[in-house]
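Residues per chain are reported as follows:
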Amino acid sequence: MKTITELEEIRKRTLEKIKPGTNSNRLRILVGMATCGIAAGARPVMNAFIEELKKRNISDVTVTMTGCIGACRLEPIVEVIDSDGRRVTYVKMTEEKAARVVVEHIVNGRVCVDYTIGEAERKTAEG
Amino acid sequence: MQIYRAHVLICGGTGCTSSGSENVKKEFEEQLKKHHLENEVQIVGTGCFGLCARGPVVVVYPEGAMYTMVRVEDVEEIVTEHLLKGRMVRRLLAGGQEAGDVTQSLDKVDFFKKQLRIALRNCGIINPEDIDEYIAFDGYKALTKVLTEMTPEQVIDTVKRSGLRGRGGAGFPTGLKWEFAARQQNETKYVCCNADEGDPGAFMDRSVLEGDPHSVIEAMIIAGYAIGAHQGFIYVRAEYPIAVKRLEIAIGQAKEYGLLGKNILGTGFAFDLELRLGAGAFVCGEETALMTSIEGHRGEPRPRPPFPAVKGLWGKPTILNNVETFANIPRIILNGAEWFAGIGTERSKGTKVFAMGGKINNTGLLEVPMGTTLREVIYDIGGGIPGGKKFKAAQTGGPSGGCIPASHIDTPIEYDTLVQLGSMMGSGGLIVMDEDTCMVDIARYFLDFTVDESCGKCPPCRIGTKRMLEILERITGGKGEEGDIEKLETLAKNIKASALCALGQSAPNPVLSTLRYFRDEYEAHVKEKRCPAGVCKAMMKYVINADSCKSCGICAKNCPVGAIEGEKKVPYRIDQDKCIKCGTCMEKCPFKAIFKNV
Ligand SMILES: Cc1cc2nc3c(=O)[nH]c(=O)nc-3n(C[C@H](O)[C@H](O)[C@H](O)COP(=O)(O)O)c2cc1C
């Protein structure tokens, strides 16, 4: 059984752990893994992120599953969050796109603009 | 062959050479020797990377880190930091490509800007399978507060003052419901969560359970404390395997942490929770049928009163709340009743989650403050109707609800206004329809659903809805008779007045509300045998315009039933007896010579 104090400790510790910006956790990658995400192929995308990071010996980035963010038509959705809380939302992800995001964004800090939600919205608007 | 653990690729293209890559390479060789890395790291001269303007370019593998504008003075840092200690030198990374004005994150696109996420606060933010992440975002803090600082009466008072009303459909004030159950003198009471979500096209509750299961668990424990119950059940449909799995994991973790079970957080309060899987019958979302099903019987409703708060599961006082209702509770406790009551409208407080589908650009899940207008939801958040089509109506409340026509698009969405319009809030299904939708066909669709889902216990629902469906099928089939519309109205009135449960009582709603706003469409079907939207196949035909037909024969080639004939230079013709009205010819005609005749 946890006491109230222990609960408070877990809260602080986990917040510290999941907040990007520490040495062991530079970025947090969230993969939408609700029914909509999984149906659209989120599982192989998540695995691709894990594989690509491993291949490159990158251990200061965490990959985590999360629930539905609401824009189900754009799944699989992946968000990359940095230490300032800045979020980059990648939509309609594939394994190939995941590999490119790892090299360009995660390693080299260059956002893959053409995979972002803004770009997808722009394309839809253009028809 | 020697195996290197890392490779340093240095560009030897013309551009980089002219910006000094030769010297950089030499410096790397020296620095590697100095730090005894020459047998672990290999230097490779490569061709152009194409980033000549930012040369010299150096790429380090296995990471693939690309350093640009590397000066000789930078090399030692790359060697000691990156190659020796495994820490990339961020300041030299290629970095910041100009994003222009492309919006990069979800929280900045229109779809999100008008939303306010309370029930969905953690969905898409935390890992639902990790209780620690829920705790990190203030999870189980409300439970701690309730168990250590509040009496059950204070909890109920807070929920009452917050103005929270049930999100499962009927909109009954949650605090009142809890108070009724709390007043019952009984050793055994139960807390139930309705996660049946049978409304076709709705997935709000599934998303909460998949994305934030602990919020529901925490709220149920709080409810247990408030009414004096020590056992809870979550009734979830078996068709939601991911939700079921995440709930199982969450319950397991909560038990491990002592947040479920005896002596919760050392306060002496005990509460346990079990899952019950439903087989996916719509009627089992109705509260009395749901409880009958939990008891292990066939899911059929029973008359009320007695209400569940007095006599529920196994005859004991029971509260039943919807998933989204529960998901609001922890925040209400933490932020206070006034905070919640400050959101929304006079009689509808807080937010509502909608699953928006149909003819809308941004299908998906959204949460908005009560009182947001339908226009804002459809155009600002939903991004409007695809193909520039006109908005015709929106269906809320699913098979128990009704439609809101375009003329009422500026109506604020709240419980009472929707009822006034002949619809209802429902659980949050929102189906958007454009000008190509036939409202009679929509009514037929929903009635077809309720006929299928009627449990058969009471005759008005079992027989009455079937008769209504037959009439609707006749009308949409082009065989409508004089007096059919009036018959529908009489049946609807009687079923509403006499059905046993709300399934039957609300089944005629889609018919009544479409009749209210689109009676002319019904009349066109019955009197003129015409479907104005061109949906009902029996009343429309595909016709080839002889003037624009170029006799290319593409339509005939693509017709799956060989109903089109013709020859060179003579316009083609469709044999209406053979035509199955699939529309393929119209789609394929390169000259737009085929049209629907309604
Ligand atoms: C046919 C029928 C189906 C229903 N389905 C659901 C459902 O899937 N989920 C739900 O929460 N409520 C459903 N309800 C409403 C419940 O009977 C009940 O009002 C509700 O669960 C109470 O919780 P609330 O006060 O938190 O809304 C349904 C009602 C009827 C008549």
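What counts and how
- Residues numbered from 1 in each chain as written.
- Chains lettered and ligands numbered in written order.
- Predicted model: local features only at pLDDT ≥ 70, side-chain atom pairs only at ≥ 80, totals over all residues.
- Heavy atoms only, no water.
- pLDDT = per-residue confidence, 0-100.
- Helix = DSSP H or I, 4+ residues; strand = E, 2+ residues; numbered from the N terminus.
- Contact = heavy atoms within 4.5 Å.
- Buried area = accessible area lost by both parts, 1.4 Å probe.
- Salt bridge = Lys/Arg side-chain N within 4 Å of Asp/Glu carboxyl O.
- Polar contact = N/O pair within 3.5 Å; in protein donor to acceptor, adjacent residues only side chain to side chain.
- Nonpolar A, V, L, I, M, F, W, Y, C, P; charged D, E, K, R; others polar.
- Buried < 20%, exposed > 50% of the residue type's maximum accessible area, 1.4 Å probe, protein only.
- Domains from an automatic or database assignment.
- Core = buried A, V, L, I, M, F, W, Y, C linked by side-chain atoms within 4.5 Å.
- Near = heavy atom within 4 Å.
- Areas by Shrake-Rupley, 256 points an atom, 1.4 Å probe, with all protein chains shown as cover.
- Phe/Tyr/Trp six-rings, centres within 6.5 Å; stacked < 30°, edge-to-face > 60°.
- Pairing = 2+ DSSP bridges.
- Axes fitted to C-alpha atoms, helices over the stretch in contact; angles between N-to-C directions.
- Parallel < 35°, antiparallel > 145°, perpendicular 65-115°, else oblique.
- Left-handed = near helix turned anticlockwise from the far one by under 90°.

Looking at the confidence of the model for chain A
- Averaged over every residue, the pLDDT of chain A is 90; residues scoring 70 or more account for 96%.
- When pLDDT is averaged over each element of chain A, helix α3 (residues 42-55) of chain A comes out on top at 96 and helix α5 (residues 117-126) of chain A at the bottom at 79.

Quick notes on the interface of chain A and chain B
- At the junction of the two partners, chain A supplies 49 residues and chain B supplies 62 residues.
- Between chain A and chain B, a total of about 4600 Å² is buried, with carbon and sulfur atoms accounting for 58% of that surface.
- The interface formed by chain A and chain B holds 1 salt bridge in total.
- Ionic pairing is found between Glu133 of chain B and Arg28 of chain A, a salt bridge with its closest N-O pair at 2.9 Å.
- Linking chain A with chain B are 18 residue pairs in polar contact (both at pLDDT 80 or more).
- Among the elements that take part in the side of chain A that touches chain B, helix α1 (residues 4-18) of chain A stands out by supplying 7 residues, more than any other.
- Taken together, the residues that form the side of chain A that touches chain B break down as 24 nonpolar, 13 polar and 12 charged.

Notes on the pattern of salt bridges
Residue and element names in this part refer to chain A.
- Tallied over the entire structure, the rule returns 52 salt bridges over all chains.
- In this structure, the salt-bridge partner of Asp60 is Arg26, at a minimum N-O distance of 3.1 Å. Of this pair, Asp60 sits in the loop between α3 and β2 (61-66) while Arg26 sits in the loop between α1 and β1 (27-32); the two residues are 34 residues apart in sequence, bridging distant segments of the chain.
- Take Arg26: its relative accessible area is 16%, and that puts it in the buried class.
- Between Glu52 and Lys55 there is a salt bridge, with the nearest N and O atoms lying 3.1 Å from each other. Taken as a pair, Glu52 and Lys55 lie in helix α3 at a separation of 3 residues, close to a single helical turn.

Concerning the environment of Ile10 of chain B
Residues and elements named next belong to chain B.
- Relative to the helices and strands, Ile10 resides in strand β1 (residues 6-11).
- The buried category is assigned to Ile10, whose relative accessible area is 1%.
- Along the primary structure Ile10 and Ala182 are separated by 172 residues, whereas in three dimensions their C-alpha atoms are 75 Å apart.
- Apart from the residues lying within four places of it in its own chain, the contact partners of Ile10 are Ser21, Lys25, Phe28, Ile43, Val44, Gly45, Thr46, Val57 and Val58.

With respect to the domain arrangement of chain B
- Along its sequence, chain B is carved into domain 1 (6-112), domain 2 (131-340), domain 3 (351-434), domain 4 (439-527) and domain 5 (540-597).
- Each of domain 2 of chain B and domain 5 of chain B has a C-alpha centre, and these two points are 58 Å apart.

A closer look at helix α13 (residues 323-335) of chain B
All names here are of chain B.
- Counting buried positions over the 13 residues of α13 gives 11, a clear majority of the element.
- Where α13 begins, the side chain of Asn322 points an oxygen toward the backbone nitrogen of Glu324, at a separation of 2.8 Å.
- Residue Gly336 follows α13 closely and has a positive phi angle near 95 degrees.

Some thoughts on the nonpolar core
- The biggest cluster of nonpolar side chains holds 76 residues, and the ones touching the most others in it are Tyr140 and Trp178 of chain B.
- Here this core gets 10 residues from one element, more than from any other, and that element is helix α10 (residues 213-227) of chain B.
- When residues are assigned to domains, this core turns out to be shared by domain 2 (131-340) and domain 3 (351-434) of chain B, each giving three or more.
- With residues up to four places along the chain from it excluded, the contact list for Tyr140 of chain B reads Leu7 of chain A together with Ile131, Tyr134, Ile135, His214, Ile217, Glu218, Ile221, Ala254 and Leu259 of chain B.

Points about the site of the ligand
Residue and element names in this part refer to chain B.
- Neighbouring the ligand are 18 residues; Gly168, Glu197, Asn321, Asn322 and Thr325 lie closest to it.
- Within the backbone of Glu287, an N or O atom sits 3.0 Å from an oxygen atom of the ligand.
- Between the ligand and Thr325 there is a distance of 2.7 Å, counted from an oxygen atom to a side-chain nitrogen or oxygen.
- Bound to the protein, the ligand loses 91% of the 600 Å² it would expose on its own.
- Going through the elements one at a time, β8 (318-322) and α20 (502-506) are the ones with two or more residues in the shell around the ligand.
- It is β8 that provides the largest number of residues to the shell around the ligand, a total of 3 residues.
- Broken down by class, the residue content of the shell around the ligand amounts to 4 nonpolar, 8 polar and 6 charged.

Comments concerning the packing of aromatic side chains
All names here are of chain B.
- Enumeration over the complete set of coordinates arrives at 10 aromatic pairs over all chains.
- With a centroid separation of 5.3 Å and 75 degrees between ring planes, the pair formed by Phe111 and Phe112 is classed as edge-to-face.
- For Phe112, a relative accessible area of 11% translates into the label buried.
- Seen in terms of ring centroids, Tyr134 and Tyr140 are 5.2 Å apart; in terms of plane orientation they differ by 80 degrees. Their pairing is edge-to-face.
- Using a relative accessible area of 1% as the deciding quantity, one classes Tyr134 as buried.

Things to note about unusual backbone geometry
Residue and element names in this part refer to chain B.
- Residue Pro62 is reached from Tyr61 by a cis peptide bond, and omega for that bond is 15 degrees.
- Structurally, Pro62 can be placed in the loop between β3 (58-61) and β4 (65-67).
- In this structure, the amide linkage connecting Arg304 to the following residue, Pro305, adopts the cis form with an omega of -10 degrees.
- Within the element layout of this structure, Pro305 appears in the loop between α12 (287-294) and β8.
- In this structure, Ser551 takes a positive phi of about 55 degrees despite not being glycine.
- Examined against the element boundaries, Ser551 turns out to sit in the loop between β14 (541-544) and α22 (554-558).
- Residue Ser551 is classed as buried on the basis of its relative accessible area, which comes to 12%.

As for the sheet that holds β4 of chain B
All names here are of chain B.
- What the 4 strands build is an open sheet, ordered β2-β1-β3-β4; its pairing is mixed. Bordering the open sheet on either side are β2 (41-46) and β4, each of which pairs with just one other strand. Pairs of neighbouring strands in the sheet enclose a mean axial angle of 20 degrees, with direction left out of account.
- With respect to the sheet, helix α2 (residues 21-34) is in contact with β1, β2 and β3, its orientation differing from that of β2 by roughly 170 degrees.

Some points on the packing of α2 of chain B against helix α3 (residues 72-85) of chain B
Residue and element names in this part refer to chain B.
- Remark: α2 packs on α3, axes separated minimally by 9 Å, with the N-to-C direction vectors making an angle of 40 degrees. Regarding the angle of α2 to α3, the classification is oblique. Handedness of the α2/α3 crossing: right-handed. Contacts between α2 and α3 pair Asn23, Val24, Glu27, Phe28, Gln31, Leu32 and Lys34 from the former with Val72, Val75, Glu76, Ile78, Val79 and Leu83 from the latter.

Some thoughts on the sheet that holds strand β5 (residues 190-195) of chain B
Residue and element names in this part refer to chain B.
- If you walk across this open sheet you meet the 4 strands as β7-β6-β5-β8, and the pairing is parallel. Whereas interior strands pair on both sides, the edge strands pair on one side only; in this sheet they are β7 (272-278) and β8. For this sheet, the mean inter-axis angle between neighbouring strands, taken without regard to orientation, is 20 degrees.
- In terms of strand pairing, β5 meets strand β6 (residues 231-237) through 6 bridges, oriented parallel. Pairing of Cys192 across the sheet is with Phe233, part of β6.
- In the packing of helix α11 (residues 241-256) onto the sheet, the strands contacted are β6 and β7, and the crossing angle to β7 comes to about 170 degrees.

Some thoughts on the pairing of strand β9 (residues 351-358) of chain B
All names here are of chain B.
- Within β9, 7 of the 8 residues are buried, which leaves the element mostly enclosed by the surrounding structure.
- Two strands pair when backbone bridges link them, and β9 and strand β10 (residues 364-369) are joined in this way by 6 bridges, in the antiparallel orientation. Residue Val353 lies in a different strand from β10, and its bridge partner there is Glu367.
- In this antiparallel pair of consecutive strands, β9 and β10, the connection spans 5 residues.
- In the sheet, β9 pairs with strand β13 (residues 429-434) via 4 bridges, with the strands oriented parallel. The residue bridging Met356 from the neighbouring strand is Leu430, located in β13.

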